[in-house]
Amino acid sequence: MYTLDIDTERPYRVLIGTLLLEQCGEIVREASGGSRALIVTDTNVGALYAAPVRRSLEEAGYETSVHVFEAGEEHKRAETYLAILEDAARHEMTRGDVIVALGGGVVGDVAGFAAATYMRGCHFVQVPTSLLAMVDSSVGGKTAIDLACGKNLVGAFWQPDVVIADVGCLATLEPDQFIDGCGEVVKHAVIADEELFCELEKTPLTRELLLADLSRVAYLIARNIDIKRAVVSADEREAGVRKLLNFGHSIGHAVEACSDFRLGHGACVAIGMVAMATACVRTGLCEPSVRDRIRALAAAHGLPTSCDFTADELYAAALHDKKRSGDAIDLVLPEGIGTCRIANVPLLEFKQLIALGIETEGSVEA
Ligand SMILES: NC(=O)c1ccc[n+]([C@@H]2O[C@H](COP(=O)([O-])OP(=O)(O)OC[C@H]3O[C@@H](n4cnc5c(N)ncnc54)[C@H](O)[C@@H]3O)[C@@H](O)[C@H]2O)c1
Ligand SMILES: [Zn+2]
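Throughout what follows, the structure given in this document is the object of discussion. (Residues numbered from 1 in each chain as written. Chains lettered and ligands numbered in written order. Predicted model: local features only at pLDDT ≥ 70, side-chain atom pairs only at ≥ 80, totals over all residues. Heavy atoms only, no water.)

1. Considering the site of ligand 1
Okay, step 1: If you check the shell around ligand 1, you find 25 residues, and the closest are Asp42, Glu73, Thr129, Ser130 and Thr172.
Okay, step 2: At 3.0 Å, a backbone N or O of Val106 approaches an oxygen atom of ligand 1.
Okay, step 3: Here ligand 1 loses 85% of its free accessible area of 860 Å² to cover by the protein chains.
Okay, step 4: Every element with two or more residues in the shell around ligand 1 is listed here: helix 2 (43-59), helix 4 (105-117), helix 5 (131-137) and strand 8 (150-157).
Okay, step 5: At four residues, the largest contribution of residues to the shell around ligand 1 is made by helix 2.
Okay, step 6: For the shell around ligand 1, a count of residues per class yields eight nonpolar, nine polar and eight charged. (Near = heavy atom within 4 Å. Polar contact = N/O pair within 3.5 Å; in protein donor to acceptor, adjacent residues only side chain to side chain. Areas by Shrake-Rupley, 256 points an atom, 1.4 Å probe, with all protein chains shown as cover. Helix = DSSP H or I, 4+ residues; strand = E, 2+ residues; numbered from the N terminus. Nonpolar A, V, L, I, M, F, W, Y, C, P; charged D, E, K, R; others polar.)

Below, the structure written as structure tokens:
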């Protein structure tokens, strides 16, 4: 088992390993205390894993209940959030009790927001079950729900007491969902860790690896969480270096919007990373080999590396990105593998970078 300590305002521990669901009761008892546990999960994950988690919590002395909502991003909404709060109140939970988020990023975000606000904040534990939730959303303390006008528009920073990542759960994840999570894995290696990048070049994080070598998967996930840990510890509220985590996201979010969210987030981030790297090559900010290696690593993980949308379409979509302030946008520019730089770029220049990034080989000098 790997143990990582996250050093934020409220420090907590991330455990990565196998057979952890069966032991979660004791872990939660030690980290959170309290006497009642509300397990929040979605229909897919609940059917697979709510029973062992509940059993373990009850063995550790918790009175438990399970709140299940319909799986899918379209349910990361106020109605779901309110239903969780009503359930918590119905079970007479206090601030000393614990909400356990069992699922992917959607469950973690909405259950986390409920925990952040129930009685002005109750105990919270993350049990991430998707690759994306393990390597990204369960660490960092961001919680949110969506509004009709956009994703993640309402939320709070709320750290869990502990994160329990049982990599055995990944076996039941849909192949597409697994691949999508790899978008953030490639991103982490590019922004902060050339050594990890090289390791992934040799042995990509694939479903085949999951079936062949679960301990290697646990190791790679731990390495990823360690990168996110280092970045968020340095910058809990996203004032500076945390923005590095947005590499590939400015264009990625635009691709997501242009595809009407049919393309997965990780796939769009992969497209965004390659586009940004290509733009950097064409403006002399990085060597072509940097872009080529990012593109090859994304492809080795089954991720797409280009899209058919025009620069105008992408730019129009990017203008809606909430990360933008005024007439400029913060972009993460890859100068090398493991070394990226944040630059505040005027929107007009951003538009040119998008065009340079997505134009096909030959139409612009590479
Ligand atoms: N809080 C943050 O810092 C942060 C960071 C990145 C993303 N997010 C959010 O995370 C969400 C995306 O997360 P996601 O990709 O995990 O989506 P998700 O939670 O919708 O999970 C994807 C699908 O996989 C299913 N699933 C999850 N684990 C499974 C398992 N072990 N076996 C079988 N099926 C399983 C889910 O039921 C769902 O259908 C978005 O809402 C995004 O905004 C948050
Ligand atoms: Zn992302």
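2. Structural notes on the pairing of strand 7 (residues 142-147)
Okay, step 1: Here five bridges tie strand 7 to strand 8, and the two strands are oriented antiparallel to one another. Following the sheet pairing, Ile145 is matched in strand 8 by Val154.
Okay, step 2: Taken together, strand 7 and the strand that follows it, strand 8, pair antiparallel across an intervening segment of two residues. (Pairing = 2+ DSSP bridges.)

3. Notes on the nonpolar core
Okay, step 1: Within the largest apolar cluster, 80 residues are counted, with the highest numbers of intra-cluster contacts made by Ile16, Leu170, Ile221, Ile294 and Phe350.
Okay, step 2: The leading source of residues in this core is helix 11 (residues 265-282), at twelve residues.
Okay, step 3: When we break this core down by domain, the ones giving at least three residues each are domain 1 (2-172) and domain 2 (175-358).
Okay, step 4: Ignoring sequence-local partners within four residues, the contact set of Leu170 consists of Thr129, Ser130, Leu131, Met134, Phe178, Arg207, Leu210, Val217 and Ile221. (Core = buried A, V, L, I, M, F, W, Y, C linked by side-chain atoms within 4.5 Å. Buried < 20%, exposed > 50% of the residue type's maximum accessible area, 1.4 Å probe, protein only. Domains from an automatic or database assignment. Contact = heavy atoms within 4.5 Å.)

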